[in-house]
Amino acid sequence: MSCLFCKIIAGEIPAEIKFQDEQVIAFADINPQAPVHFLIVPKLHVENAAELAAQSPAALSAVFAAADQLAKAEGLTGYRTVFNTGADAGQSVFHAHLHLLGGRGLAWPPG
Ligand code: AMP
Ligand code: ZN
């Protein structure tokens, strides 16, 4: 198994875990881009968000529900959720993950 996030799910690589249930794990991003920067990761290994939607709409829904729950637990009054898809969009880990960002003003449009 060569997937970094599958290794975190399996407990083989440590992470600052914020939440997990049968479908989802959430942990702090190792290189945070905002005061709150968590990754919400389906336990099912799929490459990107579109694959997740195709293979498990329930897991996709669980990812967003976990993000909203975590944002509320962090006291965020607003937050951004991002799925990067493809290297040209900045995807570097090819196991689908939703970025949850908040705790500072977030510019729009993003870079
Ligand atoms: P992306 O570039 O959208 O594929 O996002 C991958 C994210 O994973 C980046 O924001 C990285 O900082 C983060 N990351 C990489 N390795 C780890 C790790 N071991 N633990 C937590 N986050 C990580
Ligand atoms: Zn994986």
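Before reading on, note that the structure itself is shown above.
Heads up: these notes are all about the structure in this document.

## Things to note about the overall build of the protein
Looking only at helices and strands, one finds 3 helices and 5 strands in the protein. For the protein, the α and β elements follow one another from N to C terminus as α-β-β-β-α-α-β-β. Over its C-alpha trace the protein gives a radius of gyration of 13 Å, about what one expects of a compact globule, namely 13 Å for 111 residues. Dimensions of the protein along its principal axes, counting C-alpha atoms only, are 40 × 30 × 25 Å.

## A word on the coordination of the zinc ion (ligand 2)
Each protein donor to the zinc ion (ligand 2) is listed here as Cys3 (SG), Cys6 (SG), His45 (ND1) and His95 (ND1); together their distances run 2.0 to 2.3 Å. Note that the zinc ion (ligand 2) binds 4 donor atoms; their angles at the metal cover 102 to 117°, and the shape is tetrahedral. When the donors of the zinc ion (ligand 2) are listed by position in the chain, the intervening gaps give C-x2-C-x38-H-x49-H. Of this pair, His45 sits in the loop between strand S3 (36-42) and helix H2 (49-55) while His95 sits in the loop between strand S4 (80-82) and strand S5 (98-102), placing them 50 residues apart in sequence. Of the residues examined, His45 reaches a relative accessible area of 41% and is grouped as partly exposed. The class of His95 is buried, set by a relative accessible area of 0%.

## Examining the sheet that holds S4
Taken together, the 5 strands give an open sheet; going across it, the order is S1-S2-S3-S5-S4, and neighbouring strands pair in antiparallel fashion. For this open sheet the edge positions go to strand S1 (17-20) and S4, each flanked by a neighbour on one side alone. Across the sheet, the mean angle from the axis of one strand to that of its neighbour is 20°, orientation sign disregarded. As paired strands, S1 and strand S2 (residues 24-28) are joined by 3 bridges and run antiparallel to one another. If you follow Ile17 over to S2, its bridge partner there is Phe27.

## Some details on the side chain of Ser56
Note on placement: Ser56 falls in the loop between H2 and helix H3 (57-73). Not counting the four nearest positions on each side in its chain, Ser56 is found in contact with Gln23 and Leu44.

## Looking at unusual backbone geometry
With omega at 5°, the peptide bond leading from Trp108 into Pro109 counts as cis. Here Pro109 shows up in the segment after S5.

## Observations concerning the site of ligand 1
Inspection of the region around ligand 1 gives 16 residues, with Asp29, Asn84, Gly90, Ser92 and His99 positioned closest. The protein chains hide 84% of the 500 Å² of surface that ligand 1 would expose on its own. At the level of secondary structure, the elements contributing two or more residues to the shell around ligand 1 comprise helix H1 (4-9) and S2. When residues of the shell around ligand 1 are assigned to their parent elements, the largest contribution, 3 residues, is made by H1. A breakdown of the residues in the shell around ligand 1 according to their chemical character gives 8 nonpolar, 7 polar and 1 charged.

Criteria and cut-off values
- Residues numbered from 1 in each chain as written.
- Chains lettered and ligands numbered in written order.
- Predicted model: local features only at pLDDT ≥ 70, side-chain atom pairs only at ≥ 80, totals over all residues.
- Heavy atoms only, no water.
- Helix = DSSP H or I, 4+ residues; strand = E, 2+ residues; numbered from the N terminus.
- Rg over C-alpha atoms; globule rule 2.2 N^0.38 Å.
- Donors = N, O, S within 2.8 Å, 3.2 Å for Na, K, Ca; no water.
- Tetrahedral: all angles 85-135°; square planar, octahedral: opposite > 155°, others 65-115°.
- Buried < 20%, exposed > 50% of the residue type's maximum accessible area, 1.4 Å probe, protein only.
- Pairing = 2+ DSSP bridges.
- Axes fitted to C-alpha atoms, helices over the stretch in contact; angles between N-to-C directions.
- Contact = heavy atoms within 4.5 Å.
- Near = heavy atom within 4 Å.
- Areas by Shrake-Rupley, 256 points an atom, 1.4 Å probe, with all protein chains shown as cover.
- Nonpolar A, V, L, I, M, F, W, Y, C, P; charged D, E, K, R; others polar.

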